[in-house]
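Breakdown of the fold
Here are the chains, one letter per residue:
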Amino acid sequence: MVELARYRPERCIIVIFGASGDLTQRKLAPALYNLAREDLLPEGTVLVGYGRTPMTDEAFRNRLGESISRFSRTQPIETDVWETLAGRVFYQQGAYDEAEGYRHLHRRMEDMDGRLGTGGNRVFYLSVPPVVVVPILHNLSAAGSLARRRQCDEDSTCYLRVVFEKPFGHDLGSARSLNAEIDRLLEESQVFRMDHYLGKETVQNIGVLRFANSIFEHVWKSESVRWVRVTVAETLGMEGRGGYFDSTGILRDILQNHVLQLLTLVTMEPPASLEADAVRDEKVKVLRCLRRLEGHEVRRSVARGQYGRGTINGQQVPAYREEEGVDPHSDTETFVGLRTYIDNWRWAGVPIYLCAGKRLAEGLVEVSVEFKEVPGILFGAVHGRQLKPNRLTVRIQPNEGVSLRFASKVPGLGLELRNVEMDFPYGSAFPAASPEAYERLLLDVMGGNSALFARRDEVELAWEFASGILEAWQKEPPPDFPNYAPGTWGPIPSEQFFAEHTSYAAPSPDSP
Ligand code: BG6
């Protein structure tokens, strides 16, 4: 919601931990390159990769160069832009849990400050599994690399920030202890908990749609809304991430973060301003009121699934349990669908449906708000029999846009009514390509704007919600996995589950 051009942060050294990982190759390096290409990356910014794999600076540069050629959203690569950036790319080999690598890193950064004018500014980007996060923080601290205050106090533009990639912890307990540890070493304003969904253009547009237009607010409440639904559906399976996913599951991987973030944006009260804490205060209030599902309620209101073997888009795909890195007897869920409520004044009694899954019928992320039916007085029994209620759908991806379903008269002498769709497609309304989420978010870190990052209480409340379900699942392992075929909309919800709201099921086949 904030103008990109506003930022002119000071140059810094960005250190990526987990530099040889997938995220660096697919997202971070291309994002930095595209920022440089758009002249938004502060000139002279230095990138240091830190990882266990032995590698020279040159080899690291080559690796990033290849990743950028492969994954950049803009093609072809502008050689002069990349070469200028590459001249400031370095690699530091080191273990995550041994002090030596961090001492080398610290000395090199101090040397770079002198030679390359980075002025003590640092962004430490932790793109690593949760178990190594605390060792990294301790070692950075022991090497003196978190001692920002001493160097920076006199210079107000000087900064040191730490980015934490998701998953942030593994459950409520681990997230709380991670937060406590972070709190000992850093100030909250230095902490950036990443949820890349918040950097997506269409996600930022949710706030604009709601608060820059006057027509929605009047109907955005339980008096008018029948239900709210957030769906994150993927056709993809594990894509080489089976080892990670098998100890995570979809509830932790997607629902606890991306889905709940989307829900808070759609249901929060108007914030007092667009300042980070004003927005986050409102999101936190939603999470506080989100009804916890625990014990027996989980059996009634939460469906979990795991895909079996089958075909998707005409291609034979393995069952989840046959994916590389996955335990052949795994009980990890690849689908979750649930119904809950937000127990506050605005949303009392409105069912909230949340759904996330892998290998589903379609890859789509969307938020839908279905409005109540009109009384069947005028067009009731005869003319309106086939009509569905109004529904507003925000398509986060793909086919980004917003559509509204409403009723219309079919042209002709009779009085036949039919649903039609009014559609705003992002792509044709705004032909300029949108920046990738990571571009916006990296720039926000350098600019010190944390509005699009999760605050400590937000993350813990989201874990509180997820943990109730996880605990109930632990007590009662699923008897029937795998229970859905690839290319479907997940396990068929039990009758009891969505009984009173059959319109839940699949998001897309439900045409106007
Ligand atoms: C990640 C999850 O956070 O988001 C992945 O770990 C998921 O499992 C991905 O595939 C989806 O992101 P996007 O931007 O492709 O929708």
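The structure contained in this document is the topic of the report that follows. In this text, all values refer to a predicted model and were calculated from it rather than measured experimentally. (Residues numbered from 1 in each chain as written. Predicted model: local features only at pLDDT ≥ 70, side-chain atom pairs only at ≥ 80, totals over all residues. Heavy atoms only, no water.)

1. A few points about the site of the ligand
Neighbouring the ligand are K166, H196, Y197, K200, E234, R241, D253, H258, K358 and Q397. Between the ligand and D253, the relevant distance is 2.6 Å, taken from an oxygen atom to a side-chain nitrogen or oxygen of the residue. Contact between the ligand and K358: an oxygen atom at 2.7 Å from a side-chain N or O atom of the residue. Its free accessible area being 400 Å², the ligand has 78% of it covered by the protein chains. In the shell around the ligand, the residues fall into 1 nonpolar, 3 polar and 6 charged. (Near = heavy atom within 4 Å. Polar contact = N/O pair within 3.5 Å; in protein donor to acceptor, adjacent residues only side chain to side chain. Areas by Shrake-Rupley, 256 points an atom, 1.4 Å probe, with all protein chains shown as cover. Nonpolar A, V, L, I, M, F, W, Y, C, P; charged D, E, K, R; others polar.)

2. Some remarks on helix α10 (residues 249-267)
For α10, built from 19 residues, the straight-helix expectation of 27 Å at 1.5 Å per residue is met to within 8% by its first-to-last C-alpha distance of 26 Å. Taken as a whole, α10 carries its principal kink of about 45° at L255. For α10, a buried count of 19 out of 19 residues is recorded, marking the element as mostly surrounded by other parts of the structure. (Helix = DSSP H or I, 4+ residues; strand = E, 2+ residues; numbered from the N terminus. Expected span 1.5 Å × (residues − 1). Bend = angle between axes of the 7 residues up to and from the residue. Buried < 20%, exposed > 50% of the residue type's maximum accessible area, 1.4 Å probe, protein only.)

3. A few points about the sheet that holds strand β7 (residues 225-233)
Strand pairs in the sheet, formed through backbone hydrogen bonds, run parallel or antiparallel to each other. Read across the open sheet, the 8 strands follow the order β8-β11-β12-β7-β13-β14-β15-β16; overall the sheet is mixed. Unpaired on one side and paired on the other, β8 (302-305) and β16 (417-425) mark the two borders of the sheet. Each adjacent strand pair in this sheet contributes to an overall mean axis angle of 10°, direction not counted. In this sheet, strand β11 (residues 335-340) lies alongside β8 in antiparallel orientation, the contact comprising 4 bridges. Note on β11: the bridge partner recorded for A303 is G337. Sitting on the sheet, α10 is in contact with β7, β11, β12 (352-357), β13 (364-371) and β14 (391-397), with an inclination near 140° to β12. Across the sheet, helix α15 (residues 456-475) is in contact with β8, β11 and β12; its angle to β11 comes to roughly 115°. (Pairing = 2+ DSSP bridges. Axes fitted to C-alpha atoms, helices over the stretch in contact; angles between N-to-C directions. Contact = heavy atoms within 4.5 Å.)

4. Some remarks on helix α4 (residues 99-116)
A rise of 1.5 Å per residue sets the reference length of α4, with its 18 residues, at 26 Å; its end C-alpha atoms lie 25 Å apart and thus fit the reference within 8%. Those residues of α4 lying buried are G101, Y102, L105, H106, M109, M112, D113 and L116. Viewed end-on, α4 has its buried residues packed into an arc of 140°, placing them on one side of the element. Of the residues in α4, the exposed ones pointing more than 90 degrees away from the buried face are G114 and R115. A positive phi of about 70° marks G117, the residue just after α4. (Arc of directions from axis to C-beta.)

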